[in-house]
Amino acid sequence: MRVVSVPMIRTLEEMEPGETGSIVWVVGADGSVRRLLDLGLVPGTPIRFVRRAPLGCPLEVVVRGTHLSLRRTEARRIHVESL
Amino acid sequence: MSNPSEIAEIHPLPRTTGTTFAGDPEAARPLVAILGNPNSGKSTLFNRLTGLRQKVGNYAGVTVEKKTGLVTLPSGRRVDLLDLPGTYSLHPGSPDEMIVRDVLFGLNHDTPSPDLVVFVVDATQLDRHLFLALQIIQIGRPVVLALNMIDAAEAQGIAIDELALERRLGVPVVSISATKGIGVGSLRRIMDRDVEPSTVAFRARPPQVERVLDHLAERLPRRGLLSDAGRRDLAIALLLDDGEDDAIARYAPHEVQDDLKILRRRLDEIYPEWRMDEATGVYEAVEDVMKLAVSRQSEARPDLLRERIDRVLTHRIFGPILFVLLMGAIFQSVFEWASPVMDLIDGGIGWLGGIVGGALPDGPLRSLLVDGVIAGVGATVIFVPQIAILFLFLSIMEGTGYMARAAFLMDRIMGRVGLSGRAFIPLLSSFACAIPGIMATRTIDNRRDRITTIMIAPFMSCSARLPVYALLIGAFVPKIWVGFLTLPGLVLFSMYLLGILTAVLVAWALKRTALRGGKPLYVMELPPYRMPSWRSVFLTVRERSWLFLRKAGTMILAVSVVLWFLASYPGPGPEGRALETKIERAEAAGQTSRVHALTAELQGLTLRNSFAGRAGRFLEPVIEPLGFDWRIGIALITSFAAREVMVSTMATVYNLGDDDDGFHSLRDKLRTTTDPKTGERAYSPLTAVSLMVFFVLACQCMSTVAIVRRETNTWRWPLLMIGMMNGIAWLASFAVWQGGRLLGLG
């Protein structure tokens, strides 16, 4: 029997360009990611992964109508639920 | 000096009433601060309101630039306008943001808390910009909310109910377009009014946090104009600030600092999400405001233009190609377009020197004016074309939004060295000249990255090193084909490469030692494409050129006068007087060529006998292990005025005139000079390589030192730069010379 597993929650890094999701959690909310929170990446916010830079990093995402560039290490901390 | 916040205690209501503080005419004008997120059009509004009446300084002790201007309001009242740095949050992530927080809470020594805050938001991104706006309004200072880019918002079908917004926020709201000048008149009228602080409470925090804040706010020293609500905001700012922020250490009493640590730990235990909920709570309040005041008449349209442009500019193949072409064009312009203007300045300075020299009798005063002062002014003004051209391009790139895309493309590569994509352009510009390159590091927001970039920029081989390379390669490197390259070309390329590789190593080392610490988040906004505000472009170019002339120029002038003195005194001695009589006799006899030769000999004698000449000999033991003699020692000293001066100094040392003929005869002279002790050739190809390596790596440019001092606002970094670069240069040349001799190449 084939088991098809559809992961519901992934990190932003694992998403593909063009995909949209909703932020579930930002790992490391001990102050080191406060900038991400201040920029509006709080749980429940929709996020769209637009593209990767030509060398694979950083990534471009859209949150609250703002386009942001994030490095992969930062994208790894953002957990996203597919919509 | 009296602390502004203490003055404020004696005069509790100094704001819009125009109260004068006794004895200080500067404090008589109310202070209005413009504040907003980066890319909100804040600076365009500042330029629109102040025009050319701007002043740029620094906040005490930090690299952050302080821009103020004078505004006359409709009633004729004049206010000082302060352009605070763009910031995302009251919880600082950079020195810029720390300044904003300190100024707003009245914690800054030299800038009082503003009497009115004009908060600028991008109306097309109202929800994200309101995040900070709500926090600022909450502090309890008088605020005016300016909805900027209202025309763009309308075009996108966003309708904002100003009145509803005013009621909900409790502050005056005005729609403007800073680029087009729409609504700026209304804004000026509102700035003229007595604006009251908002009394609206936007949200409640969970009881645990509220209790902690009450406790903390109670313990903070009572001073300044801070309201009770503001004190609670200061408390939360301090609580959230577990970074390396010394403002707390400066302003909060010791027992409060200990409390902070304990309270933070307690909160982490009983309520682990408190930090995230701080942000979430504000965004929930923002959503309430948005629901009440903003409606979209049409479905949110994606910015199609942006999509189309980005698809090309950040394309996997075309993106980098276009970037390289654009960089090539900029580099070429800074390098080439500036040179006719620079030649013109050079000619003008020479002409001025001739006029002044002709008008004055021969003597120390003429020498001081012509070779010291006028040459020093020339050494400063000569940089202005490059600075102006580079900043013209940079401000257009910043204004259109391409700068962020360039950083997006280059981030991966620069990340390998521990820097961000924004460091690329300053470093590239440094190949033309490190001065504009170092000035361009202002676009790097992380302080450590910025200083690292400043420290490695002078390793890029600048155009002033080219004449030195050309002289030495021309004299000592034979034209042999190596594959498809010639040996001279290969050597020149190696010099550039050596600089780059050393820069990479130094960046790596600095990021692990002096500039270690913190794991900055490299989050960057990619703003929409816009037409740049030409007014702002013009003002930036003008401001950068002027700042350089004024701040760095004074130091460059001073150093060149000192260098002039060192190279001219104590004069040629008795032997020189004999030469002078010979010159007079030759002149009388009309022997022009003999006069030239004798004059060159006299100049050479003067230099060799001068303090610089003696220092060159004194230096000989230090530079001998590198293969250099006292003649090169003199050139190393005088080339501190500018690296290319090395060539003319060598010519003078050899009694050659410093014209074009001199260059060729100097090349021959270098080849044939013999060491009087051994009778062998004094300079070999190995000496040339060792000397070139020294020129690649050493910090020999007073203008670079002056600009690093100005940009870092401290002597620490320029002094470290001199020590580090010259140390590395010495070691590298030592390795080349000694290693080469061991291999039998000397």
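Residues numbered from 1 in each chain as written. Chains lettered and ligands numbered in written order. Predicted model: local features only at pLDDT ≥ 70, side-chain atom pairs only at ≥ 80, totals over all residues.

Visitor: An account of the overall build of chain A is requested, with residue identities and associated values reported.
Guide: Counting its regular elements, chain A contains two helices and six strands. Shown N-terminal to C-terminal, the secondary structure of chain A runs as helices and strands in the order β-β-α-β-β-β-α-β. Taken over 83 residues, chain A has a buried fraction of 43%. Considering only contacts within chain A whose residues lie at least 6 apart along the sequence, 57% involve residues at least 24 apart. (Helix = DSSP H or I, 4+ residues; strand = E, 2+ residues; numbered from the N terminus. Buried ≥ 20, exposed ≤ 12 C-beta atoms within 10 Å, placed from the backbone. Contact = placed C-beta atoms within 7 Å.)

Visitor: I'd like a rundown of the overall build of chain B, residues and numbers included.
Guide: Looking only at helices and strands, chain B has 32 helices and 12 strands in total. Oriented by its inertia axes, the alpha-carbon framework of chain B measures out at about 95 × 60 × 55 Å. Expressed as a percentage of the 746 residues in chain B, the buried residues total 45%. Contacts in chain B between residues at least 24 apart in sequence constitute 71% of all its contacts with a sequence separation of at least 6.

Visitor: Residue-level account of the sheet that holds strand S2 (residues 20-26) of chain A, with values.
Guide: With antiparallel pairing, seven strands are arranged side by side in an open sheet as S1(A)-S6(A)-S2(A)-S3(A)-S4(A)-S5(A)-S12(B). Two strands lie at the open edges of the sheet, namely strand S1 (9-11) of chain A together with strand S12 (524-525) of chain B, each paired on one side alone. Relative to strand S4 (residues 59-63) of chain A, strand S3 (residues 46-52) of chain A runs antiparallel, the two sharing five bridges. Across the sheet, A:Arg52 pairs through a bridge with A:Leu59, a residue of S4(A). (Pairing = 2+ DSSP bridges.)

Visitor: Pulling in residues and values, what's your account of the interface of chain B and chain A?
Guide: Listed by partner, the interface residues are 31 residues for chain B and 31 residues for chain A. Taken together, the elements giving at least two residues each to the side of chain B that touches chain A come down to helix H4 (126-138), helix H12 (274-293), helix H14 (318-359), helix H17 (402-415) and S12 of chain B. The element contributing the most residues to the side of chain B that touches chain A is H12(B), with five residues. Tallied by class, residues from the side of chain B that touches chain A come to 14 nonpolar, eight polar and nine charged. Judged from the two bridges that link them, strand S5 (residues 66-70) of chain A and S12(B) form a sheet pairing that is antiparallel. In the sheet register, A:Leu68 faces S12(B), and the bridge partner there is B:Glu525. (Nonpolar A, V, L, I, M, F, W, Y, C, P; charged D, E, K, R; others polar.)

Visitor: Describe helix H25 (residues 592-609) of chain B, listing the residues and the values that go with them.
Guide: Residues and elements named next belong to chain B. Taking 1.5 Å as the rise per residue, H25 with 18 residues should run 26 Å; its terminal C-alpha atoms sit 25 Å apart, in good agreement. Every buried residue of H25 is accounted for by Leu598, Leu602, Thr606, Leu607 and Arg608. On the buried face of H25, the contacting elements are helix H23 (534-568), helix H24 (573-589), helix H26 (611-623), helix H27 (630-638) and helix H28 (645-653). (Expected span 1.5 Å × (residues − 1).)

Visitor: Just give me the short version of the nonpolar core, but keep the residues and values in it.
Guide: Membership of the largest hydrophobic core comes to 217 residues, with the highest contact counts inside it found for B:Phe119, B:Val144, B:Leu145 and B:Ala146. In this structure B:Leu145 touches B:Phe119, B:Val121, B:Ala133, B:Leu169, B:Val171 and B:Val173, once residues within four positions along its chain are discounted. (Core = buried A, V, L, I, M, F, W, Y, C linked by C-beta atoms within 7 Å.)

Visitor: Run through the sheet that holds strand S2 (residues 54-58) of chain B, naming residues and quoting values.
Guide: Residues and elements named next belong to chain B. Read from one edge to the other, the open sheet built from seven strands follows the order S2-S3-S4-S1-S5-S6-S8, with strand pairing classed as mixed. Every interior strand has two partners, whereas the edge strands, S2 and strand S8 (173-175), have only one. For this sheet, the mean inter-axis angle between neighbouring strands, taken without regard to orientation, is 25 degrees. Here strand S5 (residues 116-122) runs beside strand S6 (residues 143-148); their pairing, made up of six bridges, is parallel. Directly across from Val121, in S6, lies its bridge partner Leu147. (Axes fitted to C-alpha atoms, helices over the stretch in contact; angles between N-to-C directions.)

Visitor: Could you give an account of the environment of B:Arg667, naming the residues involved and the relevant values?
Guide: Residue and element names in this part refer to chain B. Checked against the element boundaries, Arg667 lands in helix H29 (residues 660-672). In sequence terms Arg667 and Ser89 are 578 residues apart; their C-alpha atoms lie 61 Å from each other. Excluding residues within four positions of it along the chain, Arg667 makes contact with Leu471, Gly474 and Ala475.

Visitor: Please provide a residue-by-residue account of the confidence of the model for chain B, values included.
Guide: All names here are of chain B. Taken residue by residue, chain B gives an average pLDDT of 83. The fraction at 70 or more is 90%. Within the model, the stretch residues 1-25 combines pLDDT values under 50 with 32 contacts to residues more than four positions away or in other chains. Quick note on the complex model: pTM equals 0.79, ipTM equals 0.90. (pLDDT = per-residue confidence, 0-100.)

Visitor: Mind laying out the packing of helix H15 (residues 364-381) of chain B against H23(B), listing which residues take part and the relevant values?
Guide: Residue and element names in this part refer to chain B. At their nearest, the axes of H15 and H23 sit 8 Å apart, and the two run at 145 degrees to each other. For the pair H15 and H23, the sense of crossing is right-handed. Judged by residue contacts, Ser367, Leu368, Asp371, Gly372, Val373, Ala375, Gly376, Val377, Ala379 and Thr380 of H15 engage Leu549, Gly553, Ile556, Leu557, Ser560, Val561, Trp564 and Ser568 from H23. Looking at side-chain class alone, the contact of H15 with H23 contains 10 nonpolar, seven polar and one charged residues. (Left-handed = near helix turned anticlockwise from the far one by under 90°.)

Visitor: I'd like a rundown of the packing of helix H20 (residues 447-456) of chain B against helix H22 (residues 487-512) of chain B, residues and numbers included.
Guide: Residue and element names in this part refer to chain B. Closest axis-to-axis distance for the H20/H22 pair is 9 Å, and the angle between their directions is 145 degrees. Handedness of the H20/H22 crossing: right-handed. Counted together, Thr452, Met455 and Ile456 of H20 and Ala503, Val506, Ala507, Leu510 and Lys511 of H22 form the full contact between these two elements. Broken down by class, the residue content of the contact of H20 with H22 amounts to six nonpolar, one polar and one charged.

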